[in-house]
Amino acid sequence: MRNGNHLGSPGTMNKDKGSLEQFEHHFKLINEELGSSITTDFSLVSDITNYSVLGEGKRLRPLLFVLSSELCGYAGKDVYRISTIFELIHSASLLHDDVLDNAETRRKKPAARNVWGNPAAVLAGDFLYAHATAIAAECNNLEFIKVLSHTTRRMVEGQFVELGHTHNWHLGVDKYLDIIIAKTAALISAACACGGIIAGAPKEEVESLKEFGLNLGIAFQLIDDLLDYTSSEEIIGKPVGKDLREGKITLPLIYVLSDFEKSEVDKLEHLFKNHGATDKDYDDLIKTVRRNGVIERVRGEAKKYVDKGETFLELFPESFTKKGLLGLGEYIVNREL
Ligand code: FPP
Ligand code: MG
């Protein structure tokens, strides 16, 4: 269903670019849908899924879906219900990810696995994923389902590749990018592309939204990996240096290591991989990353992806919705949470 209205909602007028405040009305409706859509007779399932999905969470993926569909003229009343698919898949993947990573905290709370144990957390992730596919089926749109299933496959592949490179202290930028594209950017890209698909947009528009989302998604994970070195647990709701402790070699560290001799990198790999590293070793390495101009370099790289992504919106006429989407790129680069 397309209505050709490119004006967007008045609530998006005259607000700062790069802030999420202007999207409050969307977040409210997304959260209402999330709150009412998960129904089950099993209290354990609803306890874990509500704990994992409701409350904290940026809702960036459903927001991107809503704005992308609006950009392509979609006026269906089910837009918020459909948008929850992207938050549900995201939450499902985080439930599983926390089991894979032995994570203690998530979204400023003990990780679900820490409260209910790994088996229940995995099953709750399965439930959310199944629930998301059930909502997707309601759309009666084969292309939409194809994009979603392809995307979740990519996410799993991304996790596999990441697993294979745990403690690979010689990981290069290209392989690192392959990992973050699959595990993170693919879903953000799908949220944008599916907004176009649900609106019945021409192929060219859907492809452009897909590329826009992909580049935004890369930037998003670059900043996520940066914050892991530069932020504080109070702000991001998970411990700083978590990637290092999990053996995840990410761009800030890759940049630092690129100035080291191979023998020095081998020594670090041996120390950290074999659990010989002390808290001081971790702190020292985190400080080295913070000292080396890496913060600006990674943010600069993220900005380049956002700029590249924005070029894919050029074919859409100017509108409040487009302005909102462009503002999200700025938010992603400058975010501190
Ligand atoms: C967080 O990354 C994890 C992801 C972005 C994707 C996880 C994907 C899967 C487990 C496979 C797909 C599963 C389903 C059910 C669809 P991170 O560990 O770098 O970030 P973090 O610091 O927030 O944990
Ligand atoms: Mg993790």
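Throughout, a residue's number is its position along its own chain's written sequence, starting from 1. To read the labels, note that chains go from A and ligands from 1, taken in the order they are written. In keeping with the predicted nature of the model, local features appear solely for residues at pLDDT of at least 70, side-chain atom pairs appear and are counted solely at 80 or more, and the whole-chain, interface and lining totals rest on all residues. Working from all heavy atoms in the structure, the side-chain values ignore hydrogens and water.

Asks: I'd love a proper account of the site of ligand 1, names of residues and values included.
Replies: One heavy atom within 4 Å of a molecule or strand is enough for the residue carrying it to be called near that molecule or strand. Around ligand 1 sit 17 residues, and of these Arg 106, Lys 183, Lys 238, Lys 242 and Lys 248 come closest. A distance of 2.6 Å separates an oxygen atom of ligand 1 from a polar atom in the side chain of Lys 183. A distance of 2.6 Å is found between an oxygen atom of ligand 1 and a side-chain nitrogen or oxygen belonging to Lys 248. With the chains in place, 93% of the 630 Å² that ligand 1 exposes on its own is no longer accessible. Among the secondary structure elements, those contributing two or more residues to the shell around ligand 1 are helix 4 (79-100), helix 7 (142-164) and helix 8 (173-198). Here a helix means four or more residues in a row that DSSP labels H or I, a strand means two or more in a row labelled E, and each is numbered from the N terminus. Of the residues forming the shell around ligand 1, the biggest block, 5 residues, is contributed by helix 4. Broken down by class, the residue content of the shell around ligand 1 amounts to 4 nonpolar, 6 polar and 7 charged. We call two N or O atoms a polar contact when they sit within 3.5 Å, provided that within protein one can donate a hydrogen and the other can accept it, with sequence-adjacent residues counted only if both atoms are side-chain atoms. Only the protein chains shown count as covering a residue, and every accessible area follows the Shrake-Rupley method with a 1.4 Å probe. Throughout this entry, Asp, Glu, Lys and Arg are counted as charged residues, while Ala, Val, Leu, Ile, Met, Phe, Trp, Tyr, Cys and Pro are counted as nonpolar. The remaining residues, Gly among them, count as polar.

Asks: Help me get a handle on the coordination of the magnesium ion (ligand 2), residues and values and all.
Replies: For Na, K and Ca the donor cutoff is 3.2 Å, while for all other metals N, O and S atoms must lie within 2.8 Å; water is not among the atoms, so some sites may look incomplete. Around the magnesium ion (ligand 2), the protein contributes the donor atoms Asp 97 (OD) and Asp 101 (OD), at 2.0 to 2.1 Å from the metal centre. Throughout, exposure labels follow a simple rule: accessible area from a 1.4 Å probe, protein chains only, divided by the maximum for the residue type, with under 20% read as buried, over 50% as exposed, and the rest as partly exposed. Taking relative accessible area as the criterion, Asp 97 reaches 12% and is therefore assigned buried.

Asks: Mind laying out the environment of Leu 226, listing which residues take part and the relevant values?
Replies: When you line up the elements, Leu 226 lands in helix 9 (residues 203-230). The exposure class assigned to Leu 226 is buried, which follows from its relative accessible area of 0%. Distance from Leu 226 to Val 289, taken between C-alpha atoms, is 9.6 Å for residues 63 residues apart in sequence.

Asks: Got a sec to walk through the pattern of salt bridges? Specific residues and values, please.
Replies: Salt bridge, as used here: a side-chain nitrogen of Lys or Arg that lies within 4 Å of a carboxyl oxygen of Asp or Glu. For the structure on display, the rule yields 20 salt bridges. The salt bridge partner of Asp 97 is Arg 106, with a shortest N-O separation of 3.4 Å. What emerges from the salt-bridge pattern is a single network uniting Asp 101, Glu 162, Lys 183, Lys 242, Glu 246 and Lys 248.

Asks: An account of the nonpolar core is requested, with residue identities and associated values reported.
Replies: Definition used in this section: a nonpolar core is a set of buried Ala, Val, Leu, Ile, Met, Phe, Trp, Tyr and Cys residues joined via side-chain atoms within 4.5 Å. Core analysis: the largest hydrophobic core is formed by 100 residues, its most contacted members being Leu 64, Phe 65, Ile 85, Phe 86, Phe 144, Trp 169 and Leu 328. Sorting elements by how many residues they give to this core places helix 8 first, with 14 residues. Working rule for contacts: check all heavy atoms of both residues, and any pair within 4.5 Å makes them a contact. With near-sequence residues (within four places) excluded, Ile 85 lies in contact with Ala 132, Ile 135, Ala 136, Phe 144 and Leu 148.

Asks: Quick one: what's the story with the side chain of Arg 106, residue by residue and with numbers?
Replies: Along the polypeptide, Arg 106 turns up in strand 1 (residues 105-106). Arg 106 sits in the buried class, given a relative accessible area of 16%. At 2.8 Å, the side chain of Arg 106 forms a polar contact with the side chain of Asp 98. With residues up to four places along the chain from it excluded, the contact list for Arg 106 reads Leu 94, Asp 97, Asp 98, Ala 111, Gly 237 and Lys 238.

Asks: Please give an account of the state of the cysteines that cites residues and values.
Replies: In this description, the term disulfide denotes a pair of cysteine sulfurs within 2.5 Å. The final tally for this structure, using the stated rule, is 0 disulfides. Cysteine Cys 72 shares no disulfide, and the gap to the nearest cysteine sulfur, in Cys 192, comes to 10 Å. Judged by its relative accessible area of 0%, Cys 192 is buried.

Asks: Give me the lowdown on the packing of aromatic side chains, citing residues and values where you can.
Replies: For Phe, Tyr and Trp, rings pair up if their centres lie within 6.5 Å, where Trp contributes its six-membered ring, and each pair is then called stacked (planes under 30 degrees apart), edge-to-face (over 60) or tilted (otherwise). With the rule as written, the count across this model stands at 7 aromatic pairs. Ring centres of Phe 23 and Phe 27 lie 6.5 Å apart, and the angle between their planes is 80 degrees; on these two criteria the pair is classed as edge-to-face. Overall, Phe 23 belongs to the buried group, its relative accessible area being 0%. Plain terms: the ring middles of Phe 272 and Tyr 282 are 4.9 Å apart, the flat faces sit at 80 degrees to each other, and that makes the pair edge-to-face. Within this pair, whereas Phe 272 is found in helix 13 (residues 262-273), its partner Tyr 282 is found in helix 14 (residues 279-291), the two being separated by 10 residues in sequence. Take Phe 272: its relative accessible area is 2%, and that puts it in the buried class. Grouped by ring-pair contacts, the aromatic residues Phe 65, Phe 86 and Phe 144 constitute a single cluster. Its guanidinium or amino end placed over the ring of Phe 220, Arg 335 lies 3.9 Å from that ring's centre, counting from NZ or CZ. Look at NZ for Lys and CZ for Arg. If either is within 6 Å of the ring centre and within 35 degrees of the ring normal, a charge sits over the ring.

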